[in-house]
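Listed here are the chains, written in short residue letters.
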Amino acid sequence: MTVMAILQDVDKCMRCNGCVVACKREWNLRAETIGVHNVAYDQRVTIKSQKRVDMGPFIRFSCWHCTDAPCARACPIKDANGKAALSWNSTTGAVAVDPNLCDPAACKDRFGQYPCQVNCQRGGYPKIGKPYIGDESVLMNKCILCAGRAGSDADVAGSGLPPLQTRATAAEIAASPGRAHEPACVSTCPAKAMMWDSRANIVAYVQDPANGYKFTDGTVNVIGGDSMFWASRKTLLAPPKADPFIEDHVAPMVGGMLTGALAKAVVLPTLVVGGLMAISSRRAKNEADAVTGGEV
Amino acid sequence: MTNNWTDIGNSTCVIVMGANPVENHPASIAHVNRARMAPGHKLPGGQTSNKPAAKLIVIDPRKTRTALQADQYIRIRPGTDIAFINGMINYIINNISGAKKTNWETWLNYSDAVRGLEADDGTGASNVTGSKYTDARFVVNAAQTDYKRTVKFGSGSKLISNVPEFAASYNAAGIDTVFNKLAAHVAPYTTAVSADICGCTEQEIADVANAMMENSRCASYASGSPTTIISDPTNANYRATTFMYAMGQTQHTYGSQNVKSLATLQLLTGNTGRAGGGINALRGIHNVQGSTDMGLLYHLIPGYSANPSGSFGDYVNGLYGVRTSGAAYANVNQDSAASNSDLYFSSKAIGTAGNAITVSLSNPAAASQALSVGVVGNAITVNLATDAGSALISTAAQVKTAIEGFSAANALINAGVEGDGSGVVDAAVAALVGGVNATHAGAYTGTGLQQAGFRNMTKRFFGGDNSVAWTNADVDALYSCWPKTNGRDHIGMFRDMAAGVVKGTVVWGQNPAVTEPNQSAVRAGLEALDVLVCVDMFENETAGSARKADSFTYLFPACSHVEEAGSATNSGRVLQWRYQAIKPQGDSKTDVELLLRFAKACDLAGAFSHITTVLATTSSPVATNVWDKLYGTPYGWTWGTSFNTGPSVTGDYVSQPGNVEATTATLTGCEAVSERVYREMGTNVTTSGAMWLYTNAYAAPGNSATQYPSGYTAEVWTVSNRSKSRKTSDAWGTLSFPRWGYAWLVNRRVLYNNGDIHQSGTTTASDQADGYQGPDQCGRLFVSTKTGTIDYGRNYRSIHRLADMPKNAAGITPSNHKTAGRFPGHTEPYETPREDLVVTWGKNTRGGVYQDLLPSVSTGYITTTPLGTVANYPLVLTTIRCVEHFQGGPITRNNPYNVELEPEPWIELNSIDARTFGIVDGDLVKIVTARTEGATAGGAHLLANPGAGWRARVGVGQMINQRVGQGVVGIPWHWGDKGLSTGSRANDLCIDANDANTTIPEYKACLCRIEKM
């Protein structure tokens, strides 16, 4: 099993929401949460503007698929073998939910919050809602990297689900078999802003100076980790730690999308330099937002 | 598009002006991203670039998401594009220097024999060396209406009439060359003047001009050899600028002039006809290029041919191809006995009524006759010289000399009314050269592309079969079935409905009750109709519009695009087949079936009886009924059988993209009918193809010697229906992918190849022969007022002039327009916040009275469109689109996913105006224009429903980072009162003043005010 990952080139994203609709179509998710740039409660991926009022740069928000996932650790519902309803699946590389086990009604705390959401360090990606068209039961729902439908031919064989398309060439698939079937969000992207490859290949790709993400001072302008990475050639990135439930122009969530030498010098120490793991401080930021009203 | 989508990747400077590809053409941005890769940077696909990263410049009143990605964003006032472009041209002329200037001058002066003007004898021989690239050296006549014309003798004494004169150099002192006229025309557009008009800075105009000078043909050289122009787009030193434009350019009363200004700039800088260059119109629907190809306009038939008029021969003579009468047959050295009958001039009278002098050119009475001149009364008679075989041997110059040398004739001339003593004789010579010819024999047999295509189309449309050996008389009879007049333009049509001139309307796949401007006039028109027929997937606003008592409204259920098959022609002119993914659901039907059923109903009602009558006089009269002959049999459908299973044909089926070989399959239903339609269009015009632009889109597999690109044999066509070809290989790394689909014309991926187009690393003669296919064999900076057929050169076609003229309120063309109407000049929108500029620059007109671009009833010019002034309406309203919704909205506003993402219309406002008018973000506001509030004195204009209002989105932060600038309101127009998402119609507000040449409305600029609801 090769752990696959998604890289989003932030410079190319234009928030057409093609990935969002492709995800919903492939997984039969509803469209019923009406609102300007609101995010449906069951939405697995969303695109958020990192500046004011839809002015970009646009960053993709979805589950990072942490290997030691806090949401899975917090999941109180376990089967007879002690396996939680929410767990990192070593076969698919995704943090996935067992729909037969998950029972939001049972784990909801007295404030109406769910342990998986509360404990997500990266934006509350597990969603609770009525996920599937024709299925009225309330379930936890989240990105599963199109498990069973994306990856190599072997990965999708026997899953019983229709394999997804790819844009990779035959040569690229030969070099990296996991590209034979891409997640719906990646293959639909008209800007070709997303890349689907093995985690190792993506790490090598972003660190290769020829590809422009590594600056002359040695900074690799990449954030993310596990199975979700973001990179930019022109905008210094700060880790996304947003709550996708909150509309960005009501309360901008990230203030770190800064450019210019001074800003870079100031912000750099807070960023992961040369490495690929970024730890967000969501709670601290939320407190700061409470003071500033989120305006940056 | 002159180029195509993939070719944008070859560009080193992408200028987006009046378009928003990121939101409105999202798939296109991948090609821009390809161009923007820095050297060595790899795309995920593994491609690398060796050229510098392309600069992306966005010039737009609104900071779109495209602008967010740009290297430079320049905000201009809505409707000031020409002022910006002319400012750039002026700046370039005054500032280009060094090696770039040398290359640029060479470009403008270049001439060669290969693309010289060809003799009019149909041999194709080049006789006069002509300009290679542009008409910069041509001389403009004193009236500024046309080039100065002359008679020339080419090699072999072949005579070419009406050849434009051209000067020794593009900027020859004291001569009115096109370039000198253009330079004088743009001289008033200093950066200061243009910046004032546009509301930008002088530096911004200079920045874009400098970027173009750095990224044009003149800069496309290696450092060591500055005069060797590199034409290989894969070379690291290759430079080209492309323009991407869309409705921001066209939706103005001077939309055609806007586009012309881009063409002028690109021709002048040599970017036309080069990889990564050109001007690229981003089409709003995947097949809108196909719809215009098919003549879905009120003044055209398929193939951009004008609506037929006059006799068959006269009409064909005006089409692109070989001239069937006129100069070709007046070649005085013509020695083909077979065509002698075309040479006889029988008493051709020249002169206007009341003129005492006429000159008659007589046909020779006998073989071997000398040129002779005589005088009878007030007429000068000329007998032309012939050789022993009765072929004419007089030259026009000899005739002129003979007339002027004959004293009686000369006396007559000197005593005549033509004081300058030249007019009569010149007219006679012109008659000799221009000739008169009645037979048009070539019209029935010629192989000129557009001509042969029209002939086949006539046979096919009205005879049902172009394999029948139709006689010339048959063709004339079938031609008589063509409607001979223009229809009504789309805006005036609604006025005619309201006036009772138009009583019934079929609306097929359109939603004018959302998309047309000044909706109260549209509603009044729809309401007054006796019969309204709508064909759509959903009950749209048009089908649901209010109707008068005792009227009928029909809604036919069309299926979606994935439920039907056929070719679609994209912006880059590439035909691609779309298979029927699923059969039509429910009771819905494909457009093809609906159309054939519609025709059947028309036939049953007797609407085709005139065709039956005409056919009865021909070699192939109707045996059964006319529907079977014209619609049923040709497409394999027997009336009464199931459409989805009845029609059948064997054809290509390519299941996957990539280099897969084609398989053959039995196609049925819509696949079979569409395949037959495609073959009818795409077969070579020299056999039976009815659509000249698509000639060879259906052809035998394999590569032929004459295919394009010539010399490209790496991939071979393996299908006959080339729109189904899905081979992904590239030709010489030029991003042209010539075996993916089929591009008109004859698979050219870049039109107007100026001879620079790279082919296997070298510029070869065959590339040059590609040439400009225009009538001048070169690009035209100057637009003449001459209409109709241009009468020199072997490759004929009609010249479509731009007919507009700037005028101010006094009815005068302001003196700032040095060559008014012939080169693009700035004019103000019909509703403008800068009335002061109307005095000095005017508004555009059709050439008639001031503001004659407002719509009226066809029976007389009385407009009912109210106009507002800046005093009452201080803000400029400009319409915008969003990524989530599509055009008039029936499809996306009925799709839950799209509605979820963008459920309601809004307006965009900047923070300063918001404060001025007391609006905060999220407020519900009312937008008021003269159309929604001000009823005219006559009361003919109805007060429109202002709707439910719009949600205000107010910008924050610095002005440059806000969507719209001060004084501008942006408004999306996709909404109406049907579907899952409803909202106020922006087109209640918009003005229906429309472009002088195309009648596209001025959606992009009108005046409004904003009120909190």
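Because the structure is predicted, anything quoted here is derived from the model rather than measured.

Cut-offs applied
Residues numbered from 1 in each chain as written. Chains lettered and ligands numbered in written order. Predicted model: local features only at pLDDT ≥ 70, side-chain atom pairs only at ≥ 80, totals over all residues. Heavy atoms only, no water. Helix = DSSP H or I, 4+ residues; strand = E, 2+ residues; numbered from the N terminus. Buried < 20%, exposed > 50% of the residue type's maximum accessible area, 1.4 Å probe, protein only. Contact = heavy atoms within 4.5 Å. Areas by Shrake-Rupley, 256 points an atom, 1.4 Å probe, with all protein chains shown as cover. Expected span 1.5 Å × (residues − 1). Pairing = 2+ DSSP bridges. Axes fitted to C-alpha atoms, helices over the stretch in contact; angles between N-to-C directions. Core = buried A, V, L, I, M, F, W, Y, C linked by side-chain atoms within 4.5 Å. Phe/Tyr/Trp six-rings, centres within 6.5 Å; stacked < 30°, edge-to-face > 60°. Lys NZ or Arg CZ within 6 Å of the ring centre and 35° of its normal. Salt bridge = Lys/Arg side-chain N within 4 Å of Asp/Glu carboxyl O.

A. Spotlight on the overall build of chain A. Broken down by element type, chain A carries 10 helices and 10 strands. Residues classed as buried in chain A amount to 58% of the 296 residues present. In chain A, 60% of the contacts between residues at least 6 apart in sequence involve partners at least 24 apart. With an accessible surface of roughly 12200 Å², chain A has 56% of that area assigned to carbon and sulfur atoms.

B. Here's a closer look at the environment of alanine 914 of chain B. All names here are of chain B. Among the secondary structure elements, alanine 914 is positioned in helix α29 (residues 911–916). Classification of alanine 914 by relative accessible area gives buried; the value is 3%. Discounting residues that sit within four places of it in the chain, alanine 914 has contacts with Leu909, Ile919 and Val954.

C. Highlighting helix α22 (residues 591–604) of chain B. Residues and elements named next belong to chain B. For α22, built from 14 residues, the straight-helix expectation of 20 Å at 1.5 Å per residue is met to within 8% by its first-to-last C-alpha distance of 20 Å. The complete set of buried residues in α22 reads Glu593, Leu594, Leu596, Ala599, Lys600 and Asp603. Residues of α22 that are buried make contact with β16 (504–508), β17 (531–536), β18 (552–557), α24 (626–632) and α25 (670–682). Phi turns positive, to about 85 degrees, at glycine 606, one or two residues after α22.

D. How the structure looks around the environment of valine 533 of chain B. Tracing the sequence through the fold places valine 533 of chain B in strand β17. Looking at valine 533 of chain B, the relative accessible area reads 9%, which means it is buried.

E. Spatial organisation of helix α8 (residues 202–214) of chain B. Along its 13 residues, α8 of chain B runs 19 Å from first to last C-alpha, staying within 8% of the 18 Å computed at 1.5 Å per residue. Of all the positions in α8 of chain B, only Glu204, Ile205, Ala206, Val208, Ala209, Ala211, Met212 and Met213 of chain B are classed as buried.

F. Summary view of unusual backbone geometry. All names here are of chain B. Residue tryptophan 744 is joined to leucine 745 through a cis peptide bond whose omega torsion reads 0 degrees. Its place among the elements puts leucine 745 in the loop between β23 (742–743) and α26 (765–770). Unusually for a residue other than glycine, asparagine 518 sits at a positive phi of about 55 degrees.

G. A look at the sheet that holds strand β3 (residues 72–74) of chain B. All names here are of chain B. With parallel pairing, the 5 strands of this open sheet are ordered in space as β3-β2-β1-β8-β9. Because the sheet does not close on itself, it has two edges, and the strands there are β3 and β9 (279–281). On average, each strand axis in the sheet is tilted by 20 degrees relative to the strand beside it, whichever way the strands run. Bridge analysis of strand β1 (residues 13–17) against strand β8 (residues 241–245) gives 4 bridges, and the strand direction is parallel. Across the sheet, the residue bridging to valine 14 is threonine 242, located in β8.

H. A look at the sheet that holds β17 of chain B. Residue and element names in this part refer to chain B. Pairing is parallel across the open sheet formed by 3 strands, whose spatial order is β16-β17-β18. On the outer flanks of this sheet lie β16 and β18, each paired with one strand and no other. Taking the axes of each pair of neighbouring strands and ignoring which way they run, one obtains an average angle of 10 degrees across the sheet. Here β17 pairs with β18 via 6 bridges, running parallel. Considered in β18, the bridge of cysteine 534 is made with leucine 555. Lying on the sheet, α22 is in contact with β16, β17 and β18; it crosses β16 at an angle near 160 degrees.

I. Region of the structure containing the nonpolar core. Of all hydrophobic cores here, the largest spans 76 residues; its most connected members are Ile6 and Trp230 of chain A. For this core, the element with the most residues is helix α1 (residues 18–26) of chain A, which contributes 4 residues. Sequence-distant contacts of isoleucine 6 of chain A, defined by excluding residues within four places in its chain, comprise Arg60, Leu145, Pro183, Cys185, Val186, Met194, Met195, Trp196, Ile202, Ser227, Met228 and Phe229 of chain A. Counting residues in each nonpolar core, the second largest holds 57 residues, with Trp107, Met213, Leu262 and Leu268 of chain B among its members.

J. Inspection of the packing of aromatic side chains at higher detail. All names here are of chain B. The tally for this structure, following the rule as stated, stands at 37 aromatic pairs over all chains. Three or more aromatic residues joined by ring pairs form one cluster here, namely Phe312, Tyr315, Tyr444, Phe454, Phe461, Phe462, Tyr479 and Trp482. The positively charged end of arginine 953 is found above the aromatic ring belonging to tryptophan 906, 4.0 Å away from the centroid.

K. Highlighting the pattern of salt bridges. A full pass over the atoms with the stated rule returns 34 salt bridges over all chains. In this structure, arginine 233 of chain A and aspartate 9 of chain A form a salt bridge, with 3.2 Å as the shortest nitrogen-oxygen distance. A residue pair is termed long-range when its members are at least 10 positions apart, and arginine 233 of chain A in the loop between β10 (228–231) and α9 (261–267) and aspartate 9 of chain A in strand β1 (residues 4–9) qualify at 224 residues. The class of arginine 233 of chain A is partly exposed, set by a relative accessible area of 22%. Residue classification places aspartate 9 of chain A among the buried positions, given a relative accessible area of 3%. Between arginine 985 of chain B and aspartate 977 of chain B there is a salt bridge, with its nearest N and O atoms 3.0 Å apart. Residue class for arginine 985 of chain B comes out buried when judged on its relative accessible area of 11%.

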